[in-house]
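The chain contents come next:
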Amino acid sequence: MPIRTAARRRAAATATTACALAVVLTACSGTTKDSVAKDTTSADAPAVAAANPDAPLKKGLKLAFLPKQINNPYEKIVDEAGITAAEEYGATGKEVGPSDANASSQVSYINTLIQQRQDAILIAANDPNAVCGPLKQAMKKGIKVVAYDSDTAKDCRQLFINQAGSEQIGRSLVQHLGEQIGYRGRIAILSATQNATNQNTWIEFMKDELKLPPYKNMRLVKVAYGDDADQKSFQQTQGLLAAYPDLKGIISPTTVGIAAAARYLSDSSYKGKVVLNGLGTPNQMRKYVKDGTVAQFSLWNPEELGYLGSYAAAALASGQITGAEGEKFKAGKLGEYTVGKDGEIILGEPTVFDRKNIDNFDF
């Protein structure tokens, strides 16, 4: 799978982080390293030591990946890549997690990981606040906490690995759909869970984009929630089209949702009439692109997201970085990254997949 050059990643990370909003919806403002370091550390956590960028990565680190739900195909790709990355620098990784994506379903797993004295916990949060109590306890005990894909509240972790700028994702999905439907008609959004931090942030930017003049003839009629469950997402798609038979387009910013929606559309009278766009993986969506159900969709490389998260956690646990703005570290074959505002690290720009390029990717 192609890896972007380190130079391009540095440019993307630096430029996007300058004013992109993190998933916690914090506006850009002038800050210093010291102020960010204080903001991103729990009040209950121990004092943060100074970073030593020349420190070697420690051997034998123990990392645990805690996805939204253990059976999510997209997050399985992320976590397995992070575990493989850990092997490169002499660490061990594992994936644990709930079978459902409820707000509090990750709490018991965090408590267990604390008891196991993991060196770092990497979490894709189902809810930004429900996991905060145990995560703060983890940091108090010296365990490093890295959020990825879906952020926690910023004082509940040291770093957030963002797949792309949140504003860029939300606005670009509306822009793509607008072009496809001629900027006219009713549209709907099929999301994951109602509390998912990343989903809600993207949706807010979608709504803001829809207020602009080019979209004056487009109307968002409903945001539906499939809870990142295949069958429920399928049924929500069916329900949207039953309630709004004149629907022109659906945006599903979740890999589970877009695949389920495509499956419904592919066997319905709406195929070719309702435009589906959103975030999906090439292997899930390939057949729907080739049979004409979906013209295009977007995503970043989930393997690279897990890989970057793994190296960021190791850099934290080894003392190379503390989570303060401006700190730099090397993420293996991905090159150098810089910690941005509020501990955010941005992977890079998403890729748009269509019939022309989809066979170039395998994930």
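Because the structure is predicted, anything quoted here is derived from the model rather than measured. (Residues numbered from 1 in each chain as written. Predicted model: local features only at pLDDT ≥ 70, side-chain atom pairs only at ≥ 80, totals over all residues. Heavy atoms only, no water.)

**Section: the sheet that holds strand S6 (residues 185-191)**
Sheet strands line up and pair through hydrogen bonds in the backbone, either parallel or antiparallel.
In step 1: Spatially, the four strands line up as an open sheet ordered S7-S6-S8-S9, and their pairing is parallel. Here the strands that pair on one side only, and so sit at the sheet edges, are strand S7 (218-225) and strand S9 (275-278). For this sheet, the mean angle separating the axes of adjacent strands, direction not counted, is 20°.
In step 2: As defined by bridge partners, S6 adjoins strand S8 (residues 249-252) across three bridges and the pair is classed as parallel. Bridged to Ile 189 within S8 is Ile 251.
In step 3: Sitting on the sheet, helix H8 (residues 230-243) touches S6, S7 and S8, and the angle it makes with S7 is about 145°. (Pairing = 2+ DSSP bridges. Helix = DSSP H or I, 4+ residues; strand = E, 2+ residues; numbered from the N terminus. Axes fitted to C-alpha atoms, helices over the stretch in contact; angles between N-to-C directions. Contact = heavy atoms within 4.5 Å.)

**Remarks on the environment of Thr 322**
In step 1: Looking at the element boundaries, Thr 322 is found in the loop between helix H11 (302-317) and strand S11 (328-330).
In step 2: Residues Thr 322 and Ala 49, spaced 273 residues apart in sequence, show a C-alpha to C-alpha distance of 7.4 Å.
In step 3: Looking at Thr 322, its side chain comes within polar contact range of the main-chain nitrogen of Ala 324, at 3.5 Å. (Polar contact = N/O pair within 3.5 Å; in protein donor to acceptor, adjacent residues only side chain to side chain.)

**Structural notes on the nonpolar core**
In step 1: Of all hydrophobic cores here, the largest spans 83 residues; its most connected members are Trp 300, Leu 308, Phe 329 and Ile 345.
In step 2: Setting aside residues no more than four positions away along its own chain, Leu 308 makes contact with Ile 161, Phe 329, Ala 331, Leu 334, Tyr 337, Ile 345 and Leu 347.
In step 3: Of all hydrophobic cores here, the second largest spans 18 residues; its members include Leu 66, Leu 113, Ile 114 and Met 139. (Core = buried A, V, L, I, M, F, W, Y, C linked by side-chain atoms within 4.5 Å. Buried < 20%, exposed > 50% of the residue type's maximum accessible area, 1.4 Å probe, protein only.)

**So, the pairing of strand S1 (residues 62-66)**
In step 1: S1 sits mainly inside the fold: four of its five residues count as buried.
In step 2: Of the pairings in the sheet, the one linking S1 to strand S2 (residues 92-95) comprises four bridges and is parallel in character. Across the sheet, residue Leu 63 finds its bridge partner in S2, namely Gly 93.
In step 3: Following the chain from S1 across helix H3 (residues 73-88) to the adjacent parallel S2, one finds a crossover that is right-handed. (Right-handed = clockwise from strand over helix to strand, strands pointing away.)

**Overview of helix H7 (residues 197-210)**
In step 1: In this model, H7 (14 residues) spans 20 Å end to end at C-alpha, consistent with the 20 Å of a helix rising 1.5 Å per residue.
In step 2: Burial analysis of H7 places 10 of its 14 residues in the buried class, which makes it a mostly covered element.
In step 3: Along H7, the residues classified as buried are Thr 197, Asn 198, Gln 199, Thr 201, Trp 202, Ile 203, Phe 205, Met 206, Glu 209 and Leu 210.
In step 4: The inward-facing, buried residues of H7 abut helix H6 (166-180), S6, S7 and S8. (Expected span 1.5 Å × (residues − 1).)

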